[in-house]
Amino acid sequence: MDATRLDELQRAEALAGLPGWAPVPGRDAIGKVFRFADFNAAFGWMSRVALMAERLDHHPEWRNVYNRVEVVLTTHDAGGVTGRDIVLARFMDAAAG
């Protein structure tokens, strides 16, 4: 999995295939808000994502309030969005169904 920072064109191409994901204003990061039926569904999803994040050794910035999870992805070591973020975003989308 590539940890090289994506240029603007690469990021735009990646975001085109990630519905609901958008650049985070003022940061080299992407973000999305996930909504679930209730807290249990949100927490279950976060648990699945946490297991994958550990396998990838790439961890999200996130905030959970009841059925909503706000996610920000960036690769701190690279100073911005990398292939690692795209892989994790795709997994999050798939896990959310």
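Cut-off values and rules
Once a new chain begins, its residue numbering starts again from 1 and follows that chain's sequence as written. This being a predicted model, a pLDDT of at least 70 is required before a residue's local features are given, and a value of 80 or more before pairs of side-chain atoms are given or counted; all residues contribute to the totals for chains, interfaces and linings. Calculated side-chain values reflect all of the structure's heavy atoms, with hydrogen atoms and water omitted. Criterion used throughout: strands pair if DSSP finds at least two bridges between them. The helix and strand labels rest on DSSP assignments: H or I over at least four residues marks a helix, E over at least two residues marks a strand, and numbering proceeds from the N terminus. Only one rule defines a salt bridge in this text: a Lys or Arg side-chain nitrogen within 4 Å of an Asp or Glu carboxyl oxygen. Relative accessible area decides the class of each residue, using a 1.4 Å probe on protein chains only: under 20% of the type maximum gives buried, over 50% gives exposed, and in between gives partly exposed. As used here, the arc is the angular range of directions from the helix axis to the C-beta atoms. Note on definitions: a residue-residue contact is assigned when non-hydrogen atoms from the two residues lie within 4.5 Å. Polar contact is the term for a pair of N or O atoms within 3.5 Å; when the atoms are in protein, one must be able to donate a hydrogen and the other to accept it, and sequence-neighboring residues count only if both atoms are side-chain atoms.

A.B. asks: How should the pairing of strand β3 (residues 61-65) be read in this particular structure?
C.D. replies: Note: β3 against strand β4 (residues 68-73), 5 bridges, orientation antiparallel. Bridging across to β4, Asn-64 finds its partner in Val-69. Here β3 folds back onto β4, and the loop between the two strands holds 2 residues, one of which, Tyr-66, carries a positive phi near 50°.

A.B. asks: Help me out: how do you make sense of the pattern of salt bridges in this one?
C.D. replies: Proximity of charged atoms lets side chains of opposite charge pair with each other. Tallied over the full model, the rule gives 6 salt bridges. A salt bridge links Asp-28 to Arg-11; the nearest nitrogen and oxygen atoms lie 3.0 Å apart. Of this pair, Asp-28 sits in the loop between β1 (22-23) and β2 (30-35) while Arg-11 is found in helix α1 (residues 8-16), placing the two residues 17 residues apart along the sequence. A single burial state applies to Asp-28 and to Arg-11, both of which are buried. For Lys-32, the salt bridge goes to Asp-93, with nearest N and O atoms at 2.8 Å. Of the two residues, Lys-32 sits in strand β2 while Asp-93 sits in helix α3 (residues 83-96), which places them 61 residues apart along the sequence. Overlapping salt bridges bring together Arg-5, Arg-11 and Asp-28 as one network.

A.B. asks: Even after reading the chapter, I still don't get unusual backbone geometry, so can you show me in this structure?
C.D. replies: If a residue is not glycine, its phi is most likely negative; likewise, a peptide bond is most likely trans. For Asp-57, which is not a glycine, the phi torsion comes out positive at approximately 55°. Judged by relative accessible area, which is 55%, Asp-57 ranks as exposed. Within the chain, Tyr-66 stands out as a residue other than glycine whose phi angle is a positive 50°. Turning to its location among the elements, Tyr-66 is positioned in the loop between β3 and β4. Looking at Tyr-66, the relative accessible area reads 52%, which means it is exposed.

A.B. asks: Explain α1 here, please?
C.D. replies: Within the span of α1, buried status applies to Arg-11, Ala-14 and Leu-15. The arc that holds every buried residue of α1, seen down its axis, measures 95°, which confines them to one face. Counted as exposed and oriented over 90 degrees from the buried face of α1: Leu-9, Glu-13 and Ala-16. Those residues of α1 that are buried lie in contact with β1, β2 and α3. The backbone nitrogen of Leu-9 lies 3.1 Å from a side-chain oxygen of the residue at the head of α1, namely Asp-7.

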